[in-house]
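# A look at the structure
These are the residues of each chain, in order.
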Amino acid sequence: MNWLESQLQHRGQFSLRVRTAPVEPEINLIPFIDVLLVVLIFLMISTTFTRYQELAITLPTTNGAASQSEVKQIHMAVSRDGRFAINGKITDRSQLSNNLNALSEDNAIQVNIDADAKAPHQAVMSALEAARDANLSNIVFSSQTTKK
């Protein structure tokens with residue numbers, strides 16, 4: 001008796017395929033977790049570069065109280081080397097008034113000038129001229145309180 005005949009007698013029919021029980025679908029979470037960790041690491045690394053885009057400024061000191069009014073503001077920063085940034089985006093001196101015109105919907109917007117204590121006077125005057133050219137008259141200078 002050969003192997004094929006023994007298989008036919010054992011099963012009672014002729015079949016070349018193997019009968020198996022249906023396989024239950026299984027969700028493998030390990031590759032999913034690996035992908036999420038890579039995305040998390042990418043986001044952590046890429047968000048640390050945003051702080052280097054801003055200008056590093058040291059505000060002059062004052063003894064006055066902080067203002068509590070909530071007004072729509074445009075923040076214009078002037079660094080100690082005379083560079084400008086509007087709402088955290090570095091801009092060129094020639095584009096200051098154009099950028100202020102684009103951001104101002106009406107004249108009720110407050111322009112908050114954050115000038116470094118060692119910023120050149122000409123750079124601060126250029127910021128004031130740009131606000132005037134954009135027809136913005138509500139201008140405030142930022143300062144920090146003195147430490148006691």
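Coordinates for the structure precede this section.
To keep things clear, this report deals only with the structure shown in the data block. Treat the numbers as computed from the prediction; the structure is a model and nothing was measured.

Two numbers describe how helix 3 (residues 96-103) lies on helix 4 (residues 121-133): the axes approach to 8 Å, and their chain directions differ by 45°. One finds that helix 3 runs oblique with respect to helix 4. Crossing hand, helix 3 versus helix 4: right-handed. Across the interface between the two elements, Leu96, Ser97, Leu100 and Asn101 from helix 3 touch Ser126, Ala127, Ala130, Ala131 and Asp133 from helix 4. Each residue belonging to the contact of helix 3 with helix 4 can be placed in one class, and the counts come to five nonpolar, three polar and one charged.

A cluster of nonpolar side chains, namely Ile27, Leu29, Phe32, Ile33, Leu36, Leu37, Leu40 and Met44, defines an oily patch on the protein surface of about 840 Å² accessible area. Summarising the element assignment, Leu37 is placed in helix 2 (residues 29-47). Judged by its relative accessible area of 45%, Leu37 falls in the partly exposed class.

Note on placement: Thr91 falls in strand 4 (residues 89-91). Thr91 has contacts with Phe84, Ala85, Ile86, Leu96 and Asn99, leaving out every residue within four places of it along the chain.

With that out of the way, let us pick up the pattern of salt bridges. Within this structure, the stated rule accounts for three salt bridges. The partner of Asp81 in a salt bridge is Arg83, and the shortest N-O contact between them spans 3.2 Å. Across the pair Arg132 and Asp133 runs a salt bridge whose closest N-O atoms are separated by 3.7 Å.

Position of Asn63 relative to the elements: it lies in the loop between strand 1 (61-62) and strand 2 (73-78). Each C-alpha atom of the pair Asn63 and Thr145 lies 5.6 Å from the other, and the pair is 82 residues apart in sequence.

A sheet is described by the order of its strands in space; here five strands give the open sequence 4-3-2-5-6, paired in mixed fashion. A single partner strand is all that each edge strand has here, and the edge strands are strand 4 and strand 6 (139-141). Put simply, the sheet's adjacent strands are angled 30° from each other on average, direction ignored. Seen against the sheet, helix 3 touches strand 2, strand 3 (84-86) and strand 4 and runs at an angle of roughly 10° to strand 3.

Reading the values: the criteria
Throughout this description, residue numbers start from 1 for each chain and increase along the sequence as written. Residue-level local features of this predicted model are given only where pLDDT is at least 70; pairs of side-chain atoms are given and counted only at 80 or more, and the full residue set underlies all totals for whole chains, interfaces and linings. No hydrogens and no water enter the side-chain calculation; it runs on all heavy atoms of the structure. To obtain an axis, a line is fitted to C-alpha atoms, over the contacting stretch when the element is a helix, and the angle between two such axes runs from 0 to 180 degrees between their N-to-C directions. The numbering of helices and of strands both runs from the N terminus, where a helix is a DSSP run of H or I of at least 4 residues and a strand a run of E of at least 2. Relative orientations are named as follows: roughly parallel for angles under 35 degrees, roughly antiparallel for angles over 145 degrees, roughly perpendicular for angles from 65 to 115 degrees, and oblique for any other angle. Left-handed is the label given to a crossing in which the near helix is rotated counterclockwise from the far helix by less than a right angle, and right-handed is the label when the rotation is clockwise. We call two residues in contact whenever any of their non-hydrogen atoms come within 4.5 Å of each other. Classes in brief: Ala, Val, Leu, Ile, Met, Phe, Trp, Tyr, Cys and Pro nonpolar; Asp, Glu, Lys and Arg charged; the others, Gly included, polar. Any residue with relative accessible area above 30% and no salt bridge may belong to a patch, with like charges joined within 9 Å and the nonpolar Val, Leu, Ile, Met, Phe, Trp and Tyr side chains within 5 Å. Accessible surface is estimated by sampling points in the Shrake-Rupley manner with a 1.4 Å probe; for residues, cover comes only from the protein chains shown. Salt bridge criterion: a side-chain nitrogen from Lys or Arg within 4 Å of a carboxyl oxygen from Asp or Glu. Think of it in three bands: with a 1.4 Å probe and only protein chains considered, a residue is buried below 20% of the maximum accessible area for its type, exposed above 50%, and partly exposed in between. Whether two strands pair depends on DSSP finding at least two bridges between them.

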